Amino acid sequence: MIKVCLLDRPFDPGAFVGAFTAAHPGLGAVCTFVGEVRGGDGVAALELSHYAPLTLPGMEQLASRTADRFGLIGLLMLHRVGELRPGEPIVCVSAAASHRRAAFDAAQFAMDHLKSRAWFWKREKRGGQWSWIEPRAEDYADLARWD
């Protein structure tokens, strides 16, 4: 079972993950990653925009590749769009597998691809000014380990 959602409102990751794990009785492992808007450093907001005709199909393709590669029982992939405030969840990836290593690796694989090769444009607001955010060199290095 694969579930992929784009969300334009704040969400409770625990509610989604609880329902996801309940739908997979007897699984051996679940690894969940939740990314939030960082506070501090003067960040007042984060905005994620996307190109709708590519975003959801691209996320679905990534989810399918991830599930196949790691032999998953299920995969949950949620991503926010729009304007977010510090502390709000941006992304939630939850991988269910028979064994922990597959769940850990699948969550990292999906996140590394979402972080560096996703269909989102990000900008943050500091001191009343918006500026675009590009992936860092570390993000590309994380992605390269899966090639």
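In what follows, the structure referred to is the one given above.
Here the structure is a predicted model, which means the values were calculated and not measured. (Residues numbered from 1 in each chain as written. Predicted model: local features only at pLDDT ≥ 70, side-chain atom pairs only at ≥ 80, totals over all residues. Heavy atoms only, no water.)

How do you make sense of the pattern of salt bridges when you look at a structure like this?
Between side chains of opposite charge, a pair can form as their charged atoms come close. Inspection of every chain in the model, using the stated rule, returns eight salt bridges. In this structure, the salt-bridge partner of R80 is E88, at a minimum N-O distance of 3.7 Å. Owing to a relative accessible area of 16%, E88 belongs among the buried residues under this scheme. D105 is the partner of R101 in a salt bridge, and the nearest nitrogen-oxygen pair spans 3.7 Å. (Salt bridge = Lys/Arg side-chain N within 4 Å of Asp/Glu carboxyl O. Buried < 20%, exposed > 50% of the residue type's maximum accessible area, 1.4 Å probe, protein only.)

Sorry, what's going on with the nonpolar core here?
Within soluble globular proteins, side chains that are nonpolar generally end up buried alongside one another. Grouped together as the largest cluster of nonpolar side chains are 32 residues, with contacts concentrated most on F70, L72, L75, M77, I90, V93 and L114. Listing elements by their share of this core, those giving two or more residues are β2 (29-36), β3 (43-50), α2 (52-70), β4 (74-80), β6 (89-97) and α3 (100-117). Other than its neighbours up to four places away in sequence, V93 contacts C31, T32, F33, L75, L76, M77, A107, A110, M111 and L114. In terms of nonpolar packing, the next biggest core, distinct from the first, is built from nine residues, V17, L76, L78 and A96 among them. (Core = buried A, V, L, I, M, F, W, Y, C linked by side-chain atoms within 4.5 Å. Helix = DSSP H or I, 4+ residues; strand = E, 2+ residues; numbered from the N terminus. Contact = heavy atoms within 4.5 Å.)

Just to check I follow, could you spell out the environment of R136 for this structure?
Here R136 is to be found in the loop between β8 (129-133) and α4 (137-144). Spatially, the C-alpha atom of R136 lies 18 Å from that of D147, the residues being eleven residues apart in sequence.

It is not clear to me how the side chain of T55 should be interpreted in this structure. Could you clarify?
Counting through the fold element by element, T55 comes out in helix α2. A distance of 2.9 Å separates polar atoms of two side chains, one belonging to T55 and the other to H50. Leaving out residues up to four positions away in the same chain, T55 has contacts with L6, H50, W119 and F120. (Polar contact = N/O pair within 3.5 Å; in protein donor to acceptor, adjacent residues only side chain to side chain.)

Would you explain the sheet that holds strand β5 (residues 82-84) in this entry?
Think of a sheet as strands paired side by side through backbone hydrogen bonds, with each pair either parallel or antiparallel. Spatial ordering of the open sheet is given by β5-β3-β7-β8, a layout of four strands whose pairing is antiparallel. The open sheet has two free edges, formed respectively by β5 and β8, since each of these has just one partner strand. Between one strand and the next, the sheet's axes are offset by a mean angle of 25 degrees, whatever the strand orientation. Here β3 pairs with β5 via three bridges, running antiparallel. Note on β5: the bridge partner recorded for L48 is G82. (Pairing = 2+ DSSP bridges. Axes fitted to C-alpha atoms, helices over the stretch in contact; angles between N-to-C directions.)

Hey, could you run me through the pairing of β3 in this one?
Looking along a regular strand, one sees side chains alternate from face to face of the sheet. When β3 meets strand β7 (residues 120-126), the two strands line up antiparallel, connected through seven bridges. Residue pairing in the sheet places H50 in a bridge with F120 of β7.

What exactly am I supposed to notice about the packing of aromatic side chains here?
Any two aromatic rings considered together are summarised by their centre-to-centre distance and by the angle between their planes. Applying the stated criterion across every chain yields a total of four aromatic pairs. Their ring planes at 85 degrees and their centres at 6.0 Å tell us that F11 and F16 sit as a pair that is edge-to-face. Its relative accessible area of 10% is what places F11 among the buried residues. Relative to F109, the ring of F70 lies with its centre 5.5 Å away and its plane at 65 degrees, an arrangement referred to as edge-to-face. Here F109 lies in helix α3 and F70 lies in helix α2, a separation of 39 residues in the sequence. Its relative accessible area of 2% is what places F109 among the buried residues. The rings of F70, F109 and W146 are connected pair by pair, giving a single aromatic cluster. Just above the ring of W132 sits the side chain of R123; from NZ or CZ to the centre is 5.7 Å. (Phe/Tyr/Trp six-rings, centres within 6.5 Å; stacked < 30°, edge-to-face > 60°. Lys NZ or Arg CZ within 6 Å of the ring centre and 35° of its normal.)

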